[in-house]
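# Secondary and tertiary structure notes
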Amino acid sequence: MSNPLHIEVCQKVDSLLSVEDLSKAVLDELKNSSSFDLNETILGKDCTHDILKDHIDSISFYRNNNETIHANSNDEDIRLHVYRLHEDEPATETIHDNDNNSDELPVATHWVLPSSDFKGLWESLYYDSDLKENLLSFIETTILFADCNVDPNIISWNRVILLHGPPGTGKTSLCKALAQKLAIRFSDRYSHFALVEINSHSLFSKWFSESGKLVMKMFAEIKQLLENRDALVCILIDEVESLAHARKSSTSGTEPSDSIRVVNALLTQLDQIKRYPNVLILTTSNVTEAIDLAFVDRADIKQFIGHPSEIAIYKIYHSCIKELIKARIIEVEAVHEISHLKINGHEENSTTRHMSLKLLELSRESVGLSGRALRKIPFLAHGLYLRTKTSTLSQFLRAMHFAVTKHKEDALERHY
Ligand SMILES: Nc1ncnc2c1ncn2[C@@H]1O[C@H](COP(=O)(O)OP(=O)(O)OP(=O)(O)O)[C@@H](O)[C@H]1O
Ligand SMILES: [Mg+2]
């Protein structure tokens with residue numbers, strides 16, 4: 001099976017260079033460098049080619065199965081994706097609380113993709129196995145089948161994905177990152193990409209007289225977008241269980257029956273919209289029991305997202321430490337070069353091996369923490385256990401060890 005090398009080139013917002021010229025310059029640059037690391041990003045300013053210095057922000061390299069860590073420009077199957085980030089703020093639809101004018105709840109947020117808001121998000125999420133790549137490849141199949149007019153009555157798929165699992169494991173982030181990734185990888189297939197996040201939680205948190213109208217207006221806009229077959233629209237419904245919950249509590253008579261109408265309107269609209277070949281519905285949930293909603297029940301993919309394993313934790317910590325070195329909060333003595341820490345078999349010397357082992361030990365201690373908790377550990381470490389602005393890597397790792405221990409003790413206390 002062929003395993004193409006994807007090269008993603010982020011063009012500067014104000015650059016007017018054609019995609020052809022830019023691609024040529026990128027390939028030229030790569031011919032001159034013997035090999036480059038997968039999943040690494042080269043900044044435009046570090047390129048040797050002047051055109052690239054002026055016109056691009058970054059180049060990144062990906063391969064679906066990361067069995068190798070290096071790639072080179074002699075690769076047979078290279079796919080180059082040139083894209084520009086949209087820097088505009090997302091548009092938000094809000095709903096007013098009639099009793100209290102100051103209360104405005106956001107019910108939907110609309111991004112044009114690829115957006116600078118999600119820059120680097122995909123790369124910042126670490127999972128075991130090829131979870132991210134598999135999800136991406138699944139969506140590629142969805143797009144391929146729609147493009148080839150495969151009859152959905154013969155081979156059924158329905159463009160719905162459910163990511164479920166405990167809190168703080170990156171489900172919402174992964175949905176957004178996926179939408180962004182599609183906008184980058186399919187830039188030559190579609191001309192517009194949008195992500196509409198429906199905050200069902202605030203839509204149903206309370207009954208508002210406008211809710212019904214708002215749902216209709218929202219979907220009228222989405223349908224209009226979808227009429228353009230050159231647009232790909234991802235709809236994100238976070239915490240989808242709140243829909244089922246709203247429906248249940250409204251049938252049990254504790255809520256006004258108006259609210260069930262809004263839930264039903266939303267579900268009907270979603271059912272209609274699924275028929276468009278250029279839509280994807282991404283949903284998340286952190287309840288484990290089955291969600292009583294037909295459209296989630298029929299999701300093509302129900303992916304469990306759990307807490308990171310030791311190896312994924314190592315990678316998360318590694319990225320945090322790299323950031324703090326960049327910010328000069330962790331001092332690196334020459335020998336402590338973080339890039340030499342053991343990750344995918346980089347060369348080591350005795351000091352870096354020692355640090356790698358320490359970090360590995362810390363990662364092992366941290367098993368059971370969510371991704372969200374892990375990303376806070378370096379902050380807690382500095383805030384609670386370091387009294388100086390800067391420290392050495394080994395001092396910092398020690399502080400992180402204390403922070404992990406404290407986090408676990410606090411978690412235990414919460415159980416009482
Ligand atoms: N596997 C992971 N790798 C790296 N970072 C992670 C991972 N999981 C979570 N995080 C970080 O934790 C934070 C929270 O993630 P996110 O809000 O997407 O989680 P969630 O699963 O949607 O949580 P909830 O169920 O509470 O809504 C993000 O900033 C993300 O960077
Ligand atoms: Mg979430």
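Cut-offs used in this document
- Throughout this document, residue positions are counted from 1 along each chain, in the order its sequence is written.
- All chains are assigned letters beginning at A, and all ligands numbers beginning at 1, according to the order in which they are written.
- Where local features are concerned, this predicted model is filtered to residues with pLDDT of at least 70; where side-chain atom pairs are given and counted, the filter is 80 or more; whole-chain, interface and lining totals use all residues.
- Where side-chain values are given, they derive from all heavy atoms of the structure, hydrogens and water being excluded.
- Pairing between two strands is assigned when DSSP locates at least 2 bridges connecting them.
- Working definition: helices are DSSP H or I runs of at least four residues, strands are E runs of at least two. Numbering for both runs from the N terminus.
- Think of each axis as a best-fit line through the C-alpha atoms, taken over the contacting stretch in the case of a helix, with angles from 0 to 180 degrees between the N-to-C directions.
- Contacts are assigned to residue pairs that have any heavy atoms within 4.5 Å of one another.
- To count toward a patch, a residue needs a relative accessible area over 30% and no salt bridge; like charges are then connected within 9 Å, while nonpolar side chains (Val, Leu, Ile, Met, Phe, Trp, Tyr) are connected within 5 Å.
- Method for areas: the Shrake-Rupley scheme with a 1.4 Å probe, in which residue coverage is limited to the protein chains shown.
- Only one rule defines a salt bridge in this text: a Lys or Arg side-chain nitrogen within 4 Å of an Asp or Glu carboxyl oxygen.
- Each residue gets one of three labels from its accessible area relative to the maximum for its type: buried under 20%, exposed over 50%, partly exposed in between, using a 1.4 Å probe on protein chains only.
- Proximity criterion: a residue is near a molecule or strand once any of its heavy atoms comes within 4 Å of it.
- What qualifies as a polar contact is a pair of N or O atoms within 3.5 Å, subject to a donor-acceptor requirement within protein and to the restriction that residues adjacent in sequence count only when both atoms come from side chains.
- Residue type decides the class: Asp, Glu, Lys and Arg count as charged, Ala, Val, Leu, Ile, Met, Phe, Trp, Tyr, Cys and Pro as nonpolar, and the leftover types, Gly among them, as polar.
- By definition here, a helix of n residues has an expected span of 1.5 Å times n minus one.
- Working note: the arc is built from the helix axis to C-beta atom directions.
- In these notes the angle categories are as follows: under 35 degrees is roughly parallel, over 145 is roughly antiparallel, 65 to 115 is roughly perpendicular, and the rest is oblique.
- Left-handed describes a crossing whose near helix is turned anticlockwise from the far helix by less than a right angle; the clockwise case is right-handed.
- Only buried residues count toward a nonpolar core. Its members are Ala, Val, Leu, Ile, Met, Phe, Trp, Tyr and Cys residues joined through side-chain atoms within 4.5 Å.
- Each pair of aromatic rings taken from Phe, Tyr and Trp, with Trp reduced to its six-membered ring, is defined by centres within 6.5 Å and is described as stacked if the planes are under 30 degrees apart, edge-to-face if over 60, and tilted in the remaining cases.

Taken in spatial order, the four strands line up as 3-4-1-6 in an open sheet, and their pairing is mixed. Looking at the sheet topology across the chains shown, the edges are occupied by strand 3 (41-43) and strand 6 (78-84). Each strand axis lies, on average, 20 degrees off the axis of its neighbour in the sheet, ignoring direction. Examined bridge by bridge, strand 1 (residues 5-11) and strand 6 share seven bridges and lie parallel to one another. The residue bridging Val9 from the neighbouring strand is Val82, located in strand 6. Its contacts with the sheet put helix 5 (residues 171-185) on strand 1, strand 4 (56-63) and strand 6, and the angle it makes with strand 1 is roughly 90 degrees.

Now for a nonpolar patch on the surface. Taken together, the side chains of Leu384, Tyr385 and Phe402 make up a nonpolar region of the molecular surface, amounting to roughly 240 Å² of accessible area. Turning to its location among the elements, Phe402 is positioned in helix 15 (residues 393-414). Taking the relative accessible area as the measure of exposure, Phe402 reaches 35% and is therefore partly exposed.

Taking burial as the measure, the seven residues of strand 11 (residues 231-237) include seven buried ones, the bulk of the element. In strand 11, alternate side chains face the same way, and those of Ala231, Val233, Ile235 and Ile237 on one face and Leu232, Cys234 and Leu236 on the other are all buried. Pairing of strand 10 (residues 192-198) with strand 11, which is carried by seven bridges, proceeds in the parallel orientation. In the sheet register, Ala194 faces strand 11, and the bridge partner there is Val233. Strand direction decides the pairing type here: strand 11 and strand 12 (residues 279-285), joined by five bridges, are parallel. Along strand 12, the bridge assignment pairs Ile235 with Ile281.

Most of strand 4 is tucked away, with seven of its eight residues classed as buried. Note: strand 3 against strand 4, three bridges, orientation antiparallel. By the bridge assignment, Thr41 is partnered in strand 4 with Ser60.

Surveying the vicinity of ligand 1 reveals 16 residues, the closest of which are Tyr126, Lys171, Thr172, Ser173 and Asn286. Within the backbone of Gly170, one N or O atom sits 3.0 Å away from an oxygen atom of ligand 1. Contacts to ligand 1 include Arg375, whose side-chain N or O atom sits 3.2 Å from a nitrogen atom. Expressed as a share of its isolated accessible area of 650 Å², the protein-covered part of ligand 1 is 84%. Mapped onto the shell around ligand 1, the elements with two or more residues apiece are helix 5 and helix 13 (371-374). Residue contributions to the shell around ligand 1 peak at three residues, all from helix 5. Considering only residue class, the shell around ligand 1 consists of five nonpolar, eight polar and three charged.

Take helix 12 (residues 350-365) next. Taking 1.5 Å per residue, 16 residues should reach 22 Å; helix 12 reaches 23 Å between its end C-alpha atoms and fits that length. Along helix 12, the positions that sit buried rather than exposed are Thr352, Met355, Ser356, Leu359, Leu362 and Ser363. Seen from one end, helix 12 has its buried residues packed into an arc of 120 degrees, which puts them on one side. Turned more than 90 degrees from where helix 12 packs its buried face, Ser350 and Leu357 sit exposed. Elements in contact with the buried residues of helix 12: helix 11 (310-326) and helix 15.

With that settled, consider the packing of helix 4 (residues 131-147) against helix 5. Axis separation between helix 4 and helix 5 bottoms out at 11 Å; the angle between their running directions is 55 degrees. On the basis of their axis angle, the class for helix 4 and helix 5 is oblique. The two elements helix 4 and helix 5 meet at a crossing, and its hand is right-handed. In this structure, helix 4 uses Leu131, Lys132, Leu135, Leu136, Ile139 and Glu140 to contact helix 5, whose residues at the interface are Leu174, Leu178, Lys181, Leu182 and Arg185. Considered class by class, the residues forming the contact of helix 4 with helix 5 number seven nonpolar, no polar and four charged.

Formed by 37 residues in total, the largest nonpolar core has its most connected members in Phe219, Ile237, Ile273, Leu293 and Phe295. The dominant element in this core, judged by the number of residues it contributes, is helix 9 (residues 257-273), at seven residues. Discounting chain neighbours no more than four positions away, the residues touching Leu293 are Val240, Leu243, Ala244, Arg247 and Leu267. Core analysis: the second largest hydrophobic core is formed by 34 residues, Trp111, Leu163, Ala177 and Phe193 among them.

Scanning the model with the defined rule gives four aromatic pairs in all. Their ring planes at 55 degrees and their centres at 5.0 Å tell us that Trp111 and Phe118 sit as a pair that is tilted. Classification of Trp111 by relative accessible area gives buried; the value is 7%. The exposure class assigned to Phe118 is buried, which follows from its relative accessible area of 7%.

With that settled, the discussion passes to the environment of Ser187. Mapping Ser187 onto the fold places it in the loop between helix 5 and strand 10. Using a relative accessible area of 30% as the deciding quantity, one classes Ser187 as partly exposed. Residues in contact with Ser187, not counting those within four places in the same chain, are Val82 and Phe193. At 3.3 Å, the side chain of Ser187 and the backbone oxygen of Ile184 are in polar contact.

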